[in-house]
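Fold and contact review
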Amino acid sequence: MKVNSEWNRERKIKFTIQDPCQIVRKSYGDAVAEDLRFVVRSVVGAENVIEMTPNKSNNYCCGGGGGFLQSGFTQGRHDYGRLKFEQIIATGADYCIAGCHNCHAQIHDLAHHHGAAYNTVHIWTLICLSLGILGPNERAYLGDDLKDVDVFHPETSLY
Amino acid sequence: MGETSIAIKGKKRSSFKDKVKSIIPGGGNLDLCLTCGACASGCPASGLENMDPRKFLRMCAMGLDEEVTTTPWVWMCTMCQRCIYVCPMQIDIPQLVYNARAAWPRDARPKGIRDSCDMAMRNDSGSAMGTAPDDFVFVVEDVLAEYQEAQPEFKDMVAPIDKPGAHFFLNQNSREPNTEPDELVPLWKILHLAGVDWTYGSRGWAAENYCMFLADDDCWKHVIKVSAEQADQLGCKVFLNTE
Ligand code: SF4
Ligand code: SF4
């Protein structure tokens, strides 16, 4: 079984990528950022990836790290995240892929806070979607545009 | 010409900055700032609490210890290290921030972070949500059985706990087992299809470590030690941090 981006050839749903500070800048550098892109391109189609600027090792932190999510400084966290939010909006992407839990929570919350339409998604969700093995209950972070795409065992839906 | 040099008299008092310098391996280049501002211009925390990384470093250099160890800004810098990355002198501002956090009395540090650390200290899970090992094991086994039945193509899928000799020791953010267990499954599927030999640990399974964010070194060490020891005892080769 191999991933492919056939499902998105006609749909042309756009994705941008958050480079987690912890995985990229603080651990494995641009090499792992390239690996991440190899996977994302294979799964959603290279033409459907829109990059933020700056990115990779030079990215801006989203504001989900360092304990900020639990610190109680919610206003400060939203102000911190403005830079990331504006980067995401500038891409016009429908989805932001977040490879870290803290990033995921913060970027998801930034959309909610600003009333933005983009969704925030884990890469594992997209890999399984592209393999046709993503069930109806494993789609919490997909938007309406992808809720019904290639559903695995649709009869098990709880919704 | 010699007359123009300025001699500072008296014994230099040891400052917060000097203390941090002595802790960081290599010293963190804390005295090498060129005041170029590259750090501050690309820091998302610039302007919060009327602070930015260059200003914070300058205040440390000037010995304004009281100010730098009390400003709430240190809880708004995420220690993302972008400032180091762009700094021509590779100055370790995040280490100053970490140690400034540690200078706060424990019970004055942000409650949410402290509670998450205290939860992790309650049992051997290390979970910021306080989930006990038994509860984690129950959720994993329950969700696995449900999916093996509902999606027969995955009837042989596994989610092992404490499997001796597994190659990968995988940890898990507490959010999935606690609040959205279906989100555990896609990763299990990928590992299954890729034929990966992996295991969770009943001890130290939780990926997050809020004791680190709290700058509580003893608790931080305890949480990571439980996890590392479990991986070692099982004989795992690779510790795979999913956080
Ligand atoms: S980037 Fe480095 S040298 Fe420039 S102001 Fe910041 S700490 Fe100083
Ligand atoms: S580590 Fe802190 S000071 Fe440095 S860029 Fe990140 S948020 Fe700013």
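These numbers were taken from a predicted model, which means no experiment stands behind them.

Examining the sheet that holds strand S2 (residues 198-199) of chain B
Residue and element names in this part refer to chain B.
- What the 3 strands build is an open sheet, ordered S2-S1-S3; its pairing is parallel. Both edges of this open sheet fall to S2 and strand S3 (238-240), since each of them pairs with a single strand only.
- Sheet topology places strand S1 (residues 168-170) next to S2; 2 bridges connect them, and they run parallel. Within S2, the position partnered with Phe-169 by the bridge is Thr-199.
- The strands touched by helix H12 (residues 217-234) are S1, S2 and S3; relative to S1, the strand with the most contacts, the crossing angle is about 150 degrees.

Details of the domain arrangement of chain B
Residue and element names in this part refer to chain B.
- In terms of domains, chain B is made up of domain 1 (16-104) and domain 2 (112-240).
- A C-alpha centroid distance of 34 Å is found between domain 1 and domain 2.
- When domain 1 packs against domain 2, close to 420 Å² is buried across both sides, 62% of that on carbon and sulfur atoms.
- Contact with domain 2 buries area across many residues of domain 1, yet Trp-75, Tyr-98 and Arg-101 alone supply 84% of it, more than any other trio.
- Joining domain 1 to domain 2, the criterion identifies 0 salt bridges.
- On the surface where domain 1 and domain 2 come into contact, there are 2 residue pairs in polar contact (both at pLDDT 80 or more).

Observations concerning the packing of aromatic side chains
- The full count for this structure, using the stated rule, is 13 aromatic pairs over all chains.
- Judged by centre distance (6.3 Å) and plane angle (80 degrees), the ring pair of Trp7(A) and Phe15(A) falls under edge-to-face.
- In textbook terms, an aromatic cluster arises when at least three aromatic residues are bridged by ring pairs, as seen for Phe136(B), Trp198(B), Tyr200(B) and Trp205(B).
- The ring of Phe154(B) has Lys189(B) sitting right over it, with the charged end atom 5.3 Å from the ring centre.

With respect to the pairing of strand S2 (residues 95-98) of chain A
All names here are of chain A.
- Covered by surrounding structure in S2 are Tyr-95 and Ile-97 together with Cys-96 and Ala-98, the residues of both alternating faces.
- Here 4 bridges tie strand S1 (residues 15-18) to S2, and the two strands are oriented parallel to one another. If you follow Phe-15 over to S2, its bridge partner there is Tyr-95.
- Across 3 bridges, the pairing between S2 and strand S3 (residues 119-121) is parallel.

The rules we used
- Residues numbered from 1 in each chain as written.
- Chains lettered and ligands numbered in written order.
- Predicted model: local features only at pLDDT ≥ 70, side-chain atom pairs only at ≥ 80, totals over all residues.
- Heavy atoms only, no water.
- Pairing = 2+ DSSP bridges.
- Helix = DSSP H or I, 4+ residues; strand = E, 2+ residues; numbered from the N terminus.
- Contact = heavy atoms within 4.5 Å.
- Axes fitted to C-alpha atoms, helices over the stretch in contact; angles between N-to-C directions.
- Domains from an automatic or database assignment.
- Buried area = accessible area lost by both parts, 1.4 Å probe.
- Salt bridge = Lys/Arg side-chain N within 4 Å of Asp/Glu carboxyl O.
- Polar contact = N/O pair within 3.5 Å; in protein donor to acceptor, adjacent residues only side chain to side chain.
- Phe/Tyr/Trp six-rings, centres within 6.5 Å; stacked < 30°, edge-to-face > 60°.
- Lys NZ or Arg CZ within 6 Å of the ring centre and 35° of its normal.
- Buried < 20%, exposed > 50% of the residue type's maximum accessible area, 1.4 Å probe, protein only.

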